[in-house]
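# Coordinate analysis (summary)
One-letter residues, chain by chain:
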Amino acid sequence: MITPAQNTGANATQTQSSAQSGTSGLASDFETFLLMLTAQARNQDPLEPLDSSEYASQLAQFSMVEQQVQTNDLLTALAYSLGSVNLEELASWVGMDVRTASAFHFDGSPETLYAQADPGADSAYMVIRNESDEIVERIAVSTTESEFVWAGTDDDGAPLPAGNYTATIESYDGDELLSERLASAYNQVLEAQVGTDAVLLTLAGGEVVPAGIVTAVRTGA
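Every chain is numbered on its own, with residues counted from 1 as its sequence reads. At least 70 in pLDDT is required for a residue's local features to be given in this predicted model, at least 80 for side-chain atom pairs to be given and counted, and no such filter applies to totals for whole chains, interfaces and linings, which use all residues. To get the side-chain values, take all heavy atoms of the structure and skip hydrogens and water.

## Some words on the environment of Ala162
The line we're drawing: Think of it this way: any DSSP run of H or I at least four residues long counts as a helix, any run of E at least two long counts as a strand, and we number them from the N terminus. Working definition: with a 1.4 Å probe on protein chains only, accessible area under 20% of the residue-type maximum means buried, over 50% means exposed, and in between means partly exposed. Contact definition: two residues touch when any of their heavy atoms are within 4.5 Å.
Summarising the element assignment, Ala162 is placed in the loop between strand E6 (147–150) and strand E7 (163–173). Overall, the relative accessible area of 56% leaves Ala162 in the exposed class. Counting along the chain gives 55 residues from Ala162 to Asp107, while the straight-line C-alpha distance between them is 4.7 Å. Ignoring any residue separated from it by four or fewer positions in sequence, one finds Ala162 in contact with Phe106 and Asp107.

## Digging into the pairing of strand E5 (residues 135–141)
What counts is decided by this rule: Strand pairing is defined by DSSP finding a minimum of two bridges between the two strands.
Relative to E5, strand E4 (residues 123–129) runs antiparallel, the two being bridged by six bridges. From the neighbouring strand, Val127 faces E5, where its bridge partner is Arg138. Counting the residues between successive antiparallel strands, the hairpin from E4 to E5 contains five residues, one of them, Asp133, with a positive phi of roughly 65 degrees.

## Some words on the sheet that holds strand E12 (residues 216–218)
Filter applied, for reference: For helices, the fitted axis covers only the stretch in contact; all axes are lines through C-alpha atoms, and the angles between them, taken along N-to-C directions, range from 0 to 180 degrees.
In space, the five strands of this open sheet follow the order E11-E10-E9-E1-E12, with antiparallel pairing throughout. The open sheet has two free edges, formed respectively by strand E11 (208–210) and E12, since each of these has just one partner strand. Direction aside, neighbouring strands of the sheet carry axes that sit 45 degrees apart on average. The pairing of strand E10 (residues 199–203) with E11 spans three bridges and is classified as antiparallel. Across the sheet, the residue bridging to Thr202 is Val208, located in E11.

## Side note on unusual backbone geometry
Of note, Asp133 is a non-glycine position whose phi angle comes to about 65 degrees, a positive value. In this structure, Asp133 sits in the loop between E4 and E5.

## Observations concerning the confidence of the model for the chain
To keep it simple, the criterion reads: Confidence of the predictor at the level of single residues is given by pLDDT, which spans 0 to 100.
Confidence along the chain averages 80 in pLDDT terms, with 67% of residues attaining 70 or more. Below pLDDT 50 for its whole length, residues 1–16 participates in 14 contacts with residues either more than four positions away or in separate chains.

## Remarks on the nonpolar core
Selection criterion: In these notes, a set of buried Ala, Val, Leu, Ile, Met, Phe, Trp, Tyr and Cys residues joined through side-chain atoms within 4.5 Å is what counts as a nonpolar core.
Counting residues in each nonpolar core, the largest one holds 18 residues, and the members touching the most others are Phe104, Leu113, Met126, Ile128, Trp150, Tyr165 and Ile169. Secondary-structure elements contributing two or more residues to this core are strand E2 (104–106), E4, E5, E6 and E7. The contact partners of Ile128, leaving out residues within four places of it in the chain, are Leu113, Glu134, Ile135, Val136, Glu137, Trp150, Tyr165, Thr166 and Ala167. Ranked by size, the runner-up nonpolar core spans eleven residues in total, among them Trp93, Val199, Leu201 and Val209.

## What about the packing of aromatic side chains?
Defined as follows: A pair of aromatic rings is counted whenever rings of Phe, Tyr or Trp (Trp by its six-membered ring) have centres within 6.5 Å, and the orientation is called stacked for planes under 30 degrees apart, edge-to-face for over 60 and tilted otherwise. Charge-over-ring placement is defined geometrically: NZ (Lys) or CZ (Arg) within 6 Å of the ring centre, and within 35 degrees of the ring normal.
For the coordinates displayed, the defined rule picks out seven aromatic pairs. Each residue in the set Phe104, Phe106, Trp150 and Tyr165 is aromatic and connected to the rest through ring pairs, giving one cluster. Against the face of Tyr114 rests Arg99, its NZ or CZ located 4.1 Å from the ring centre. Positioned above the aromatic ring of Tyr186, the side-chain terminus of Arg218 is 3.8 Å from the ring centre.

## Focus on the environment of Thr143
Structurally, Thr143 can be placed in the loop between E5 and E6. Measuring from C-alpha to C-alpha, the distance between Thr143 and Ala124 comes to 5.8 Å, with 19 residues separating the pair along the chain.

## Concerning the side chain of Thr153
Among the secondary structure elements, Thr153 is positioned in the loop between E6 and E7. On the basis of relative accessibility, which here comes to 17%, the residue Thr153 falls in the buried class. If near-sequence neighbours (up to four positions away) are discounted, Thr153 is found in contact with Glu137, Ala158, Pro159 and Leu160.

As structure tokens, this is what we get:
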């Protein structure tokens, strides 16, 4: 069985080999062109020297080939960097449990939620919503605690089905709502991919989040 690390190494090696092959071929053409131009200058007829405009044109071609070789070297280095470092980073995310302020997947076991009430609150409630954004349970919680265990039941104490849920903590000063914050929970990472400007993580419930919002990581169960 091929592990993510082995697959990453193979992809990086293949990328590097392909790029190096292209660079070698271009460099060989460059050296051949240089030898031909040197031989032409050395063996030209003194009575009928090479036309200056033609010679300048060949020198321009020479310069273009040289620049192409340098560009290809830079692309080779970039391809190798993307093929090894980024893919190794992606592989390290898969299978880990990450804590994010996003929807969480409830599998029937009690779920630990992380949230902090507003400093000025005299009361707080943890509000649980299902995938349809319907409130399934509203629980009074301590304003000084930041870690809570949700049993996975509704307001009547009946067990809720497995699925995706969200939790928010509402902070109150008397009857005034001070803030409503999304609680964090752990989810397992099923897939990691390079997005336009961030690494994107696909979580157990199908939620896709940027790696930048991860606040904690632990080894997956």
